[in-house]
Amino acid sequence: MPADQSAPAQAIGRFQPPDVRRRQILDATAALLLADGYEALTVGRVAARAGVAKGTVYLYL
């Protein structure tokens, strides 16, 4: 298959499509809520669990 017709490479690392990043943040939030409850939930913990910066969490609110 010629290079110009190949499937796009999957994004890795910090270059994720918005829908993938949103899902990472939501999954991290759900896991933290189930594990520790609402009182222990912080933006910093969500960001750390999702592997993103705090600002990224705010961007996707």
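What you see as residue numbers is a count from 1 along each chain, following the sequence as written. It should be noted that, the model being predicted, local features are given only for residues of pLDDT at least 70 and side-chain atom pairs only at 80 or more, the latter also being counted only at that level, while totals for whole chains, interfaces and linings use all residues. Working from all heavy atoms in the structure, the side-chain values ignore hydrogens and water.

**Structural notes on the layout of surface pockets**
The following threshold applies: The rule is simple: put a 1 Å grid over the protein atoms alone, call a set of points where a 1.4 Å probe fits but cannot get out a cavity, call an open set with protein on both sides within 12 Å along at least five of seven lines a pocket, and count a residue as lining if it has an atom within 4 Å of a point. Grid points are joined across faces, edges and corners, and a volume is the space filled by probe spheres set on the points. Put simply, DSSP marks the helices as runs of H or I at least four residues long and the strands as runs of E at least two long, and each gets a number from the N terminus on. Three categories are distinguished: nonpolar for Ala, Val, Leu, Ile, Met, Phe, Trp, Tyr, Cys and Pro, charged for Asp, Glu, Lys and Arg, and polar for the others, with Gly belonging to the last.
Space inside the largest pocket adds up to approximately 180 Å³. Arg-22, Ile-25, Leu-26, Thr-29, Leu-41, Thr-42, Val-43, Val-46, Val-57, Tyr-60 and Leu-61 are the residues that line the largest pocket. When residues of the lining of the largest pocket are traced back to their parent elements, those giving at least two are helix H1 (18-36) and helix H2 (43-50). Top element by residues in the lining of the largest pocket is H1. It accounts for 4 residues. Its residues assigned to classes, the lining of the largest pocket shows 8 nonpolar, 2 polar and 1 charged.

**A look at the environment of Ala-48**
Filter applied, for reference: Classification of residues uses two cut-offs on accessible area relative to the type maximum, computed with a 1.4 Å probe and protein chains only: under 20% is buried, over 50% is exposed, and between them is partly exposed.
Secondary-structure assignment places Ala-48 in helix H2. Residue classification places Ala-48 among the exposed residues on the basis of a relative accessible area of 60%. The sequence separation of Ala-48 and Ala-28 amounts to 20 residues, and the corresponding C-alpha distance is 8.7 Å.

**A few points about the packing of H1 against H2**
The line we're drawing: In this description, a line fitted to the C-alpha atoms serves as the axis of each element, helices being fitted only across the stretch in contact, and the angle between N-to-C directions of two axes falls anywhere from 0 to 180 degrees. Just so you know how the angles are binned, under 35 degrees is roughly parallel, over 145 roughly antiparallel, 65 to 115 roughly perpendicular, and the rest oblique. Handedness of a helix crossing follows the sense of rotation of the near helix relative to the far helix, less than a right angle counterclockwise being left-handed and clockwise being right-handed. Every residue pair with non-hydrogen atoms within 4.5 Å of one another is taken to be in contact.
Two elements in contact, H1 and H2, have axes separated by 8 Å at closest approach and are oriented at 120°. On the basis of their axis angle, the class for H1 and H2 is oblique. As for the relative orientation of H1 and H2, their crossing is right-handed in sense. Between H1 and H2, the residues in contact are Gln-24, Ile-25, Ala-28, Thr-29, Ala-31, Leu-32 and Asp-36 and Arg-45, Val-46, Arg-49 and Ala-50, respectively. Within the contact of H1 with H2, the residues separate by chemical class into 6 nonpolar, 2 polar and 3 charged.

**Points about the environment of Val-43**
Relative to the helices and strands, Val-43 is located in helix H2. Accessibility expressed as a relative area gives 26% for Val-43, which makes it partly exposed. Taking the C-alpha atoms as reference, Val-43 lies 9.5 Å from Ala-53; in sequence the two are 10 residues apart. Setting aside its immediate chain neighbours within four residues, Val-43 contacts Lys-54, Val-57 and Tyr-58.

Function cannot be read off these values alone, since they describe shape.
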